[in-house]
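Commentary on secondary and tertiary structure
The primary structure of each chain is shown beneath.
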Amino acid sequence: MSFPIERLRRLRRTPALRRWVAETRLSRHSLVQPLFVCEGSGVDRPIVSMPGQSQLSFDRAAERAKRIFEAGVPAVLLFGIPGEKDAIGSGADDPEGVVAEAVRAIRQATPEMIIIGDVCLCEFTDHGHCGVLTEPGPNGERTVDNDATLERLASEAVVLSDAGCDIVAPSAMADGQVEVIRDALDEASHDSVAILSYAAKYASSFYGPFREAAECAPEFGDRKSYQMDPANAREALREVELDLQEGADMVMVKPGLPYLDIVSMLRDEFDVPVAAYHVSGEYAMIQAAAEKGWIDGDAALFESMQCLHRAGADILITYGAEKVAELLEKGF
Ligand code: PBG
């Protein structure tokens, strides 16, 4: 007895057929390029663990953002590396601070650019945690003081919006951060500034290179008492639900590829735009393997974006954004 064989290969025969029947299509319009901005001028300091990425002073950041925009990427996400760090992260809400300065320079050079400001204290605190700390407990232990951190985050969001951000992206994982930021923005007449909440941000080992890039590895302990546990999926629904109630306009899953189930679940459950952050470690792994000649880096990067998009991400944040836009332009 013979079975009729289903001929799925018919529609895979040529590039034109494959493109024609593709279920999802990547677009440059979804891309976001993160940038690290530092003090000084004329500074372009390569980040060793993230080939192709640099710490840039405001002037170089504006030039780079312009090139990124011309390559077809409509948005940048800014992280600051201040000259000086302290216990409360004073640089975070300094109107003359590194990020505010970069926002103004990018806005001037490329008015149409969508500028997203990361709202967190870890790059600005000398202890490297994402908020201000509690007084030491009986055994000297300290942790992030949730409510004291909220005030600092709200102030940072207002300063970044004053400088010209279209969107602020709170990533400190402090409970209630979206609500206080929304209130502070409205109070400061920034009701049109949107909030992209890092709602499902996991305590991940894939952030390693970022911590080198932003010089913000925690001095003691880890971030597990505020970032999500990789073991949990349903909890992401609660995070997102609360952030939406508090006024988030869009939500993010971070990291990207190991969390495709979360992207897909959020896409099914909620109607707001879902962003996925293909983080520093994911980028670095591709670059490192490509350098050794073990994988095709461009193809792996492109496929990673395709998969995040297929899982349901509307917005794709990746250090390879400019590269992906170039590949799309070439008809990759
Ligand atoms: C916190 C923040 C981090 C990243 C983005 N925002 C670091 C962390 O939580 O430790 C990581 C991004 C990446 O790894 O690419 N401000």
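For clarity, every value in this text was computed on a predicted model and none was experimentally measured.

Scoring rules and cut-offs
Residues numbered from 1 in each chain as written. Predicted model: local features only at pLDDT ≥ 70, side-chain atom pairs only at ≥ 80, totals over all residues. Heavy atoms only, no water. Helix = DSSP H or I, 4+ residues; strand = E, 2+ residues; numbered from the N terminus. Contact = heavy atoms within 4.5 Å. Phe/Tyr/Trp six-rings, centres within 6.5 Å; stacked < 30°, edge-to-face > 60°. Buried < 20%, exposed > 50% of the residue type's maximum accessible area, 1.4 Å probe, protein only. Lys NZ or Arg CZ within 6 Å of the ring centre and 35° of its normal. Pairing = 2+ DSSP bridges. Right-handed = clockwise from strand over helix to strand, strands pointing away. Core = buried A, V, L, I, M, F, W, Y, C linked by side-chain atoms within 4.5 Å. Near = heavy atom within 4 Å. Polar contact = N/O pair within 3.5 Å; in protein donor to acceptor, adjacent residues only side chain to side chain. Nonpolar A, V, L, I, M, F, W, Y, C, P; charged D, E, K, R; others polar. Arc of directions from axis to C-beta.

1. Regarding the side chain of Gln177
- One can find Gln177 in helix α5 (residues 177–187).
- Excluding residues within four positions of it along the chain, Gln177 makes contact with Leu150, Leu153, Pro170, Ser171, Ala172 and Glu246.

2. Considerations on the packing of aromatic side chains
- Taken as a whole and assessed by the stated rule, the structure comprises nine aromatic pairs.
- Measuring from centroid to centroid gives 6.1 Å for Phe36 and Tyr319, while their planes differ by 5°, and the two rings are stacked. Pair noted here: Phe36 is in strand β1 (residues 31–38) and Tyr319 is in the loop between β10 (315–318) and α11 (321–329), with a separation of 283 residues, a long-range link.
- For Tyr319, a relative accessible area of 2% puts it in the buried group.
- With a centroid separation of 4.9 Å and an interplanar angle of 80°, the aromatic rings of Phe79 and Phe210 are classed as edge-to-face. One end of the pair, Phe79, is in strand β4 (residues 75–81); the other, Phe210, is in helix α6 (residues 208–213), with 131 residues separating them in the sequence. Here the two residues Phe79 and Phe210 agree in accessibility, since each one is buried.
- Members of the aromatic cluster, each reached through a chain of ring pairs, are Phe36, Phe79, Tyr198, Phe210, Tyr277, Tyr283 and Tyr319.
- One Lys or Arg, Lys254, reaches over the ring of Tyr207 and ends 4.4 Å from the middle of that ring.
- Positioned above the aromatic ring of Tyr277, the side-chain terminus of Lys254 is 5.2 Å from the ring centre.

3. Some points on the pairing of strand β9 (residues 274–278)
- With five of five residues buried, β9 lies mostly within the body of the structure.
- Going residue by residue along β9, you find Val274, Ala276 and His278 tucked away on one face and Ala275 and Tyr277 tucked away on the opposite face as well.
- Judged from the three bridges that link them, strand β8 (residues 250–254) and β9 form a sheet pairing that is parallel. Counted as the bridge partner of Val251 is Val274 from β9.
- Traced from β8 through helix α8 (residues 260–269) to β9, the parallel crossover comes out right-handed.
- As judged from the four bridges shared by β9 and β10, these two strands associate in the parallel manner. What sits directly across from Tyr277, in β10, is Ile317.

4. Quick word on the nonpolar core
- Core analysis: the biggest nonpolar cluster contains 109 residues, and Phe36, Val76, Leu77, Leu78, Val168, Ile262 and Tyr277 have the highest contact counts within it.
- Residue contributions to this core peak at eight residues, all from helix α4 (residues 146–163).
- Contact partners of Val76, with chain neighbours within four places excluded, come to Val32, Gln33, Leu35, Ala65, Ile68, Ile106, Met113, Ile114, Ile115 and Ile116.

5. Here's the deal with the site of the ligand
- Lining the immediate environment of the ligand, one finds 18 residues, of which Arg211, Arg223, Lys254, Ser280 and Tyr319 sit closest.
- Take Glu123: an N or O atom from its side chain is 3.0 Å from a nitrogen atom of the ligand.
- Here an oxygen atom of the ligand and a side-chain polar atom of Lys201 are 2.9 Å apart.
- Across the shell around the ligand, the residue classes tally to nine nonpolar, three polar and six charged.

6. Comments concerning α5
- Gln177, Val178, Ile181, Arg182, Ala184 and Leu185 are the residues of α5 that are buried. Along the long axis of α5, the arc covered by the buried residues comes to 170°, so they all point the same way.
- Looking at the buried side of α5, the elements it contacts are β5 (114–119), α4, β6 (167–170), β7 (194–201) and α7 (234–246).
- Positive backbone phi, approximately 60°, marks Ser189, located one or two places after α5.

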